[in-house]
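# Structural features, examined
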Amino acid sequence: MENVNDLPAEILIQVFDFLTVSERKIAASVCTLWCRILHCVRYQRQCRFLLDRTFEEGLSDMEKQVLLNCRNLSITHWDEDSEDEEDEEDIIELKYLYKPSPEQNLADLLFNPKLDLESLELFSTYDSCRHIIDSRLPQLENLQNLSLNFDQNQKPNKAADTSVWTIQHDRIKSFKLDISHNVKPYRLITPHLTCLDVTTNCRWNIELVEMYSNQLQCLKLRFDDAESMDQIISMAFPKLTELHVQMFDDKDIQVRYARMNHRLTHLEKDEQFVRGMPQLKKLQLYSNLMFYRMSAFMGRYLRLLQELTLEEQQIDYAQLKTVETLPQLKTLTLFRCEVLQTSSMLPALQLPRLHKLTLLYNESSIVFDKGLANITHLKISLWMRNNHKVLYKICNNLSNLEHLEVRVNSKLVNTSLRHLHRLTKLKSLKLDDVELNARLWTHCPIVASVQRLVLINCSFKLDTLQPVAELFPSLQELFVDRCYIKNCDQEKVGDEDEDRAEALVSSSPCFDESSKSDETFNVEDLHGDNTGSTDDSDSEDEDSSSEKQSLTIDRVRRWFPQSRVSFKDAYFRFTNDYD
């Protein structure tokens with residue numbers, strides 16, 4: 001077989017199934033055959049089409065044709081005249097007397113019999129959404145996911161209907177209503193609803209949660225105040241497996257709540273709330289108050305909880321210790337949190353069943369001792385300058401670690417990786433936002449278990465990669481993403497390509513032997529309005545840079561003959577590049 005396209009289309013489809021949506025977009029530009037395959041209904045069902053316009057004019061025939069295969073649609077409808085003066089409001093209301101209104105154009109688009117939607121996301125005002133959808137939603141027979149966003153606070157329509165709007169559909173399983181203000185009355189009638197995402201800033205949303213509380217499996221809530229939280233806590237969710245709670249509170253609100261006189265009566269409600277979710281497996285809290293109210297009872301009643309995420313919180317050490325009582329906890333994430341403690345000792349957690357730990361951008365650290373020995377996945381961001389001490393604890397105590405991701409907001413100490421070989425089960429290493437240098441690898445011993453190395457947002461010289469092949473002899477994949485790579489032409493390319501590279505550089509229009517410099521430029525800058533330049537010279541400069549990049553990547557691949565080497569959005573800096 002000389003060409004991959006000689007394979008049957010059925011085999012190509014099986015290969016494309018392993019690609020992500022973004023990767024399929026790139027693959028569709030390779031050739032006509034791939035484009036036809038990747039634009040078939042099989043893959044269009046997995047893509048989301050975005051439409052963002054006023055819809056004062058209808059869609060073109062080409063746009064309508066493209067949408068025929070659409071299964072997931074996101075529409076943003078906005079009015080360019082929404083900020084006009086009040087004395088012009090009557091003119092705005094009359095401008096659609098002799099042509100279809102934007103709402104009518106949108107309704108004609110959505111309820112086209114040939115459009116078979118499974119997911120719909122609509123951004124507009126309440127009145128516009130009601131006018132567009134009205135009572136026609138059942139016409140979308142296969143619709144399962146509906147999302148409405150009323151954040152755009154345009155001028156109210158005086159002629160709008162003030163009665164209760166009934167949103168009814170027999171097959172909707174997921175409903176999201178994102179609003180920043182109180183809305184007019186509405187009702188949702190769908191017997192198979194299992195996922196609900198709402199903001200509890202109006203009575204209609206709270207009533208909606210209560211109506212479907214006994215059948216919900218996933219619930220995402222955004223609270224504006226503690227009063228609405230009390231209303232939700234009085235409900236039971238016997239089938240709930242996933243709960244997300246968000247409220248922008250702080251530690252002071254929690255402290256004031258803890259000192260209230262009727263706190264003891266609330267304890268019974270809190271216990272009943274936690275006990276009413278026996279099937280809960282995933283919990284994400286972005287609220288100091290909610291974690292305070294739930295933490296005392298989680299270990300007793302949430303016996304099936306496997307994932308816990310805490311975001312933007314100031315957590316007392318005693319509260320954090322309650323996670324040790326969760327018998328099935330496998331994943332713990334602390335994001336932008338601060339652990340408060342009375343002593344200077346860092347918190348130590350005894351979580352022998354924990355497999356995945358994520359610590360990102362926290363103000364305080366935890367002790368990596370034997371209590372976390374069974375962790376296999378660790379993602380951590382290091383802020384402090386003594387990051388080598390934290391990595392020493394990780395390498396010394398987490399003997400079962402298989403995947404390690406390190407994000408560094410300061411420079412890594414040269415000896416940070418000197419104990420990496422103690423992680424004998426380590427399979428993948430990911431370094432994010434790290435300034436690499438040769439000394440970092442000098443102190444690193446050979447790690448025979450690592451099979452995948454990922455560098456993201458890193459800065460380094462090209463020759464820094466060369467010793468990596470010796471340090472990781474079992475490496476199967478090297479992935480370089482959005483990295484800044486310097487001095488790409490310091491090393492010889494090789495005997496077979498050396499003459500070709502020298503001729504390429506010397507023939508470049510911007511090369512001048514008498515004025516060598518270390519100044520750099522971006523290839524995209526060549527397409528600007530440069531005086532004295534011609535289209536031919538710009539094209540030659542672009543071809544020259546692309547050729548040098550290809551030679552550089554080929555050189556790296558020769559250093560890793562047994563590995564798959566991938567570069568994505570990398571910037572190559574050549575010392576012979578000029579403005």
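The rules we used
- Note on numbering: residues in each chain are counted from 1, in written sequence order.
- Only residues with pLDDT of at least 70 are given local features in this predicted model, and only at 80 or more are side-chain atom pairs given and counted; all residues enter the totals for whole chains, interfaces and linings.
- Hydrogens and water are ignored here; the side-chain numbers use all heavy atoms of the structure.
- Counting from the N terminus, the helices are DSSP H or I runs at least four residues long and the strands are E runs at least two residues long.
- Working definition: with a 1.4 Å probe on protein chains only, accessible area under 20% of the residue-type maximum means buried, over 50% means exposed, and in between means partly exposed.
- Note on contacts: a residue pair is in contact if any heavy atoms of the two residues lie within 4.5 Å.
- Accessible surface is estimated by sampling points in the Shrake-Rupley manner with a 1.4 Å probe; for residues, cover comes only from the protein chains shown.
- For two strands to be treated as a pair, DSSP must find at least two bridges joining them.
- Handedness is read with the strands pointing away from the viewer; a crossover is right-handed when the path from the first strand over the helix to the second is clockwise.
- Comment: axis = line fitted to C-alpha atoms, over the contacting stretch for helices; angle = value between 0 and 180 degrees taken between N-to-C directions.
- Definitions for this section: a left-handed crossing has its near helix turned counterclockwise from the far helix by less than a right angle. A right-handed crossing has that turn clockwise.
- Amino acids are sorted into nonpolar (Ala, Val, Leu, Ile, Met, Phe, Trp, Tyr, Cys and Pro), charged (Asp, Glu, Lys and Arg) and polar (every other residue, Gly among them).
- What we call a nonpolar core is a set of buried Ala, Val, Leu, Ile, Met, Phe, Trp, Tyr and Cys residues that are connected through their side-chain atoms within 4.5 Å.
- By definition, a salt bridge exists where a carboxyl oxygen of Asp or Glu is found within 4 Å of a side-chain nitrogen of Lys or Arg.
- Reported orientations rely on four angle classes, namely roughly parallel under 35 degrees, roughly antiparallel over 145, roughly perpendicular from 65 to 115, and oblique for the rest.
- Per residue, pLDDT measures the predictor's confidence, with a range of 0 to 100.
- Only Phe, Tyr and Trp rings take part, Trp by its six-membered ring, and two of them pair if their centres are within 6.5 Å. Stacked means planes under 30 degrees apart, edge-to-face means over 60, and tilted covers everything else.
- Placement of a positive charge over a ring is assigned whenever Lys NZ or Arg CZ falls within 6 Å of the ring centre and within 35 degrees of the normal to the ring plane.
- Polar contact is defined as a pair of N or O atoms within 3.5 Å, subject to the rule that within protein one atom must be able to donate a hydrogen and the other to accept it, and that residues adjacent in sequence are counted only when both atoms are side-chain atoms.
- Here, the arc refers to the directions that run from the helix axis to the C-beta atoms.

On to the overall build of the protein chain. Helices and strands together make up the secondary structure of the protein chain, namely 19 helices and 25 strands. Per-residue burial over the protein chain gives 46% buried out of 579 residues. Excluding contacts between residues fewer than 6 apart, the proportion of contacts in the protein chain whose partners are at least 24 apart in sequence is 68%. Carbon and sulfur atoms make up 47% of the accessible area of the protein chain, which amounts to about 30200 Å² in all.

On to the sheet that holds strand β25 (residues 571-572). Pairing in this open sheet of 3 strands is parallel, and the strands run β21-β23-β25 from one edge to the other. Edge positions in the sheet fall to β21 (459-461) and β25, since each of these pairs with one other strand and no more.

Time to look at the pairing of strand β10 (residues 242-246). Moving residue by residue along a regular strand, the side chains alternate between the two faces of the sheet. Pairing geometry for strand β9 (residues 218-222) and β10, over 5 bridges, is parallel. Bridge assignment links L221 to a residue of β10, and that residue is V245. Read from β9 through helix α10 (residues 226-233) to β10, the crossover connection turns out right-handed. For β10 and strand β11 (residues 282-286), the ladder comprises 5 bridges, and the chain directions are parallel. Note on β11: the bridge partner recorded for V245 is L285.

Next up on the list: the packing of α10 against helix α13 (residues 288-301). Here α10 crosses α13 at 35 degrees, and the two axes come no closer than 11 Å. Remark: the crossing between α10 and α13 carries right-handed chirality. Of α13, the residues touching α10 (which contributes A226, M229, D230 and I233) are L289, M290 and R293. For the contact of α10 with α13, the per-class residue count stands at 5 nonpolar, no polar and 2 charged.

Counting residues in hydrophobic clusters, the biggest one holds 144 residues, and the most contacted among them are F368 and F472. Considering each element in turn, this core owes the most residues, 7 residues, to α13. Contacts of F472, omitting those with residues within four sequence positions, involve L420, L429, W441, V447, V450 and L453. L12, A28, W34 and L38 belong to the second largest nonpolar core, which has 7 residues in total.

Moving on to helix α8 (residues 126-133). Counting buried positions along α8 gives 7 out of 8 residues, so the element sits mostly inside the fold. Along α8, the residues that are buried comprise Y126, D127, S128, C129, R130, I132 and I133.

This next bit is on the pattern of salt bridges. Here the structure, examined in full by the defined rule, presents 18 salt bridges. A salt bridge links K184 to D127; the nearest nitrogen and oxygen atoms lie 3.0 Å apart. Within this pair, whereas K184 is found in the loop between β6 (174-178) and β7 (186-189), its partner D127 is found in helix α8, the two being separated by 57 residues in sequence. Look at D127 and you get buried, because its relative accessible area is 18%. Among the salt bridges present, the one from E405 reaches R407, with a minimum N-O distance of 3.4 Å.

In terms of burial, strand β12 (residues 307-311) is a largely internal element, 4 of the 5 residues being buried. Across 4 bridges, β11 lies against β12 in parallel orientation. If you follow K282 over to β12, its bridge partner there is E307. You can see the chain leave β11, run along α13 and come back into β12, and the turn it takes is right-handed. Across 5 bridges, the pairing between β12 and strand β14 (residues 331-335) is parallel. Its bridge partner being in β14, T309 is matched across the sheet by T333.

Right, let's talk about the packing of helix α12 (residues 263-275) against α13 for a bit. Packing of α12 against α13 brings their axes to within 9 Å, and their N-to-C directions diverge by 55 degrees. For the element pair α12 / α13, the angle class is oblique. Handedness of the crossing formed by α12 with α13: right-handed. Contacts between α12 and α13 involve R263, H266, L267, D270, E271, F273, V274 and R275 on the former and, on the latter, M290, Y292, R293, M294, F297, M298, R300 and Y301. Classifying every residue of the contact of α12 with α13 gives 9 nonpolar, 1 polar and 6 charged.

The subject of this paragraph is the confidence of the model for the protein chain. Parts of the model with low pLDDT should not have their predicted coordinates read in detail. Per-residue confidence for the protein chain gives a mean pLDDT of 81, with 81% of residues at or over 70. Element-level mean pLDDT values for the protein chain span from 41 in helix α18 (residues 495-506) up to 97 in β11. Predicted confidence for residues 492-534 stays below pLDDT 50, and this span has 53 contacts to residues more than four positions away or in other chains.

For the structure on display, the rule yields 10 aromatic pairs. Grouping aromatic residues by their ring pairs yields a cluster made of Y126, F150 and W165. The ring of F55 carries R53 above its face, with NZ or CZ at 5.7 Å from the centroid.

Mapped onto the elements, N397 comes out in helix α15 (residues 387-397). Residue N397 is classed as buried on the basis of its relative accessible area of 11%. Within polar-contact distance, the side chain of N397 engages the backbone oxygen of F368 at 2.5 Å. Excluding anything up to four places from it in sequence, N397 contacts F368, D369, K370 and A373.

For F55, which is not a glycine, the phi torsion comes out positive at approximately 60 degrees. On the secondary structure map, F55 appears in the loop between β1 (48-53) and α5 (61-67). Positive phi values are uncommon outside glycine, yet R482 reaches one of about 55 degrees. Here R482 lies in the loop between β22 (477-481) and β23 (484-486).

In this section: α10. Looking only at α10, the buried set comprises S228, M229, I232 and I233. Seen end-on, α10 carries its buried residues on one side only, within an arc spanning 140 degrees. Taken together, the buried residues of α10 touch α9 (203-211), β9, α12 and α13. One side-chain oxygen at the N-terminal end of α10 lies 3.3 Å from the backbone nitrogen of E227; it belongs to D225.

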